Amino acid sequence: MMLQLGLLAGVVVLLAIVLGRLASAWLKYRGRRVITCPENHRPAGVVVNAGHAAATALGKAPELRLSSCSRWPERAGCGQECLAQVAASPEDCLVRNILTRWYAGKVCASCGRPMGEIQWSGSEPALLRAGKVSVAWSEVPADKLYEVLAASLPLCFACHMANMLVREHPELVVDRSSSHPI
C-alpha cells in the first residue's frame, strides 16, 4: 500500500512538472508580436503558434513556428527566420509589453490624468489619432504599431469611451461646458 501511494505521489509530481513546463511555454509564446522582417527589414506583425511551442517544450527548447504573419499570404512560404528574434527576446517583441513601456510615465491627452499601471482586462487605454479620433490599440495592426504610436497621444479608457460616444452617438451627448446665465 505504501509503495502504491509513493508511486502515485511520484506520478502526480512528475505530471505537475510536465504540465507546468507546458503551461510556461504556452504563456511565454502567446500573443501578438512585432518583429523586424529579415527579408525587407520592416516591422511585421506575427503570432507564434503557442500550442506547438508548448507541445515541443518537454526536455528541450520549444520549437517555434508562426501561426500568422502580416506579410502572409504573399510571403507564406518564407523560412520564418524572424523567429530567432522571438526566441532571443520573447518579452521585448510582445505588443502588450511594447505598449506598457510606451504608456509608462505618460498622461491622458484629454483629461491629463497619469496613465498609471495598465489594466489589460477590460479597461484598456487607447490612442488619440489625428483629428481627435480615438482608437483602441487592439485595432492597430501590429506591423503598423510603431508608426501609429509615433503619431498618437495616450488616452485613458474613460476618455476613449467618451470620445467614442460623441463620435458614434452625438444625439445622446449634451454639452454642458458653456455657462448659461440663470
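Source: prediction; values computed, not measured.

Caption draft 1: Representation of the overall build of the chain in the model. When helices and strands are tallied, the chain shows six helices and six strands. Taken from the N to the C terminus, the helices and strands of the chain come in the order α-β-β-α-β-α-α-β-β-α-β-α. Whereas a compact globule of 182 residues would reach a radius of gyration of roughly 16 Å, the chain reaches 23 Å, over 25% beyond that. With respect to the principal axes defined by its C-alpha atoms, the chain has extents near 90 × 50 × 30 Å. A total of 182 residues make up the chain; the buried ones form 31% of that total. The long-range share in the chain, meaning contacts at least 24 apart out of those at least 6 apart in sequence, stands at 58%. As presented, the chain carries roughly 11600 Å² of accessible surface, and 61% of it is formed by carbon and sulfur atoms.

Caption draft 2: Main features of the environment of L7. Within the element layout of this structure, L7 appears in helix 1 (residues 2-29). For L7, a relative accessible area of 59% puts it in the exposed group. With 13 residues separating them along the chain, L7 and G20 place their C-alpha atoms 20 Å apart.

Caption draft 3: Quick peek at the sheet that holds strand 4 (residues 126-129). Strand order in this open sheet of three strands is 5-4-6, and the pairing throughout is antiparallel. Each edge of the open sheet is held by one strand with a lone partner, namely strand 5 (133-136) and strand 6 (153-155). Here the average twist between neighbouring strands, direction ignored, is 40°. Strands strand 4 and strand 6 of the sheet are contacted by helix 4 (residues 95-103), whose axis makes an angle of about 100° with strand 6.

Caption draft 4: Representation of the confidence of the model for the chain within the structure. Mean pLDDT over the chain works out to 88, with 97% of the residues at or above the 70 mark. Ranking the elements of the chain by mean pLDDT puts helix 1 last with 82 and strand 6 first with 95.

Caption draft 5: Expanded view of the pairing of strand 5. Bridging between strand 4 and strand 5 involves four bridges; their strand directions are antiparallel. Across the sheet, the residue bridging to L127 is V135, located in strand 5. Hairpin connection, strand 4 to strand 5: the antiparallel pair is bridged by three residues, and G131 has positive phi, about 80°.

Quick notes on the rules
Residues numbered from 1 in each chain as written. Predicted model: local features only at pLDDT ≥ 70, side-chain atom pairs only at ≥ 80, totals over all residues. Heavy atoms only, no water. Helix = DSSP H or I, 4+ residues; strand = E, 2+ residues; numbered from the N terminus. Rg over C-alpha atoms; globule rule 2.2 N^0.38 Å. Buried < 20%, exposed > 50% of the residue type's maximum accessible area, 1.4 Å probe, protein only. Contact = heavy atoms within 4.5 Å. Areas by Shrake-Rupley, 256 points an atom, 1.4 Å probe, with all protein chains shown as cover. Pairing = 2+ DSSP bridges. Axes fitted to C-alpha atoms, helices over the stretch in contact; angles between N-to-C directions. pLDDT = per-residue confidence, 0-100.

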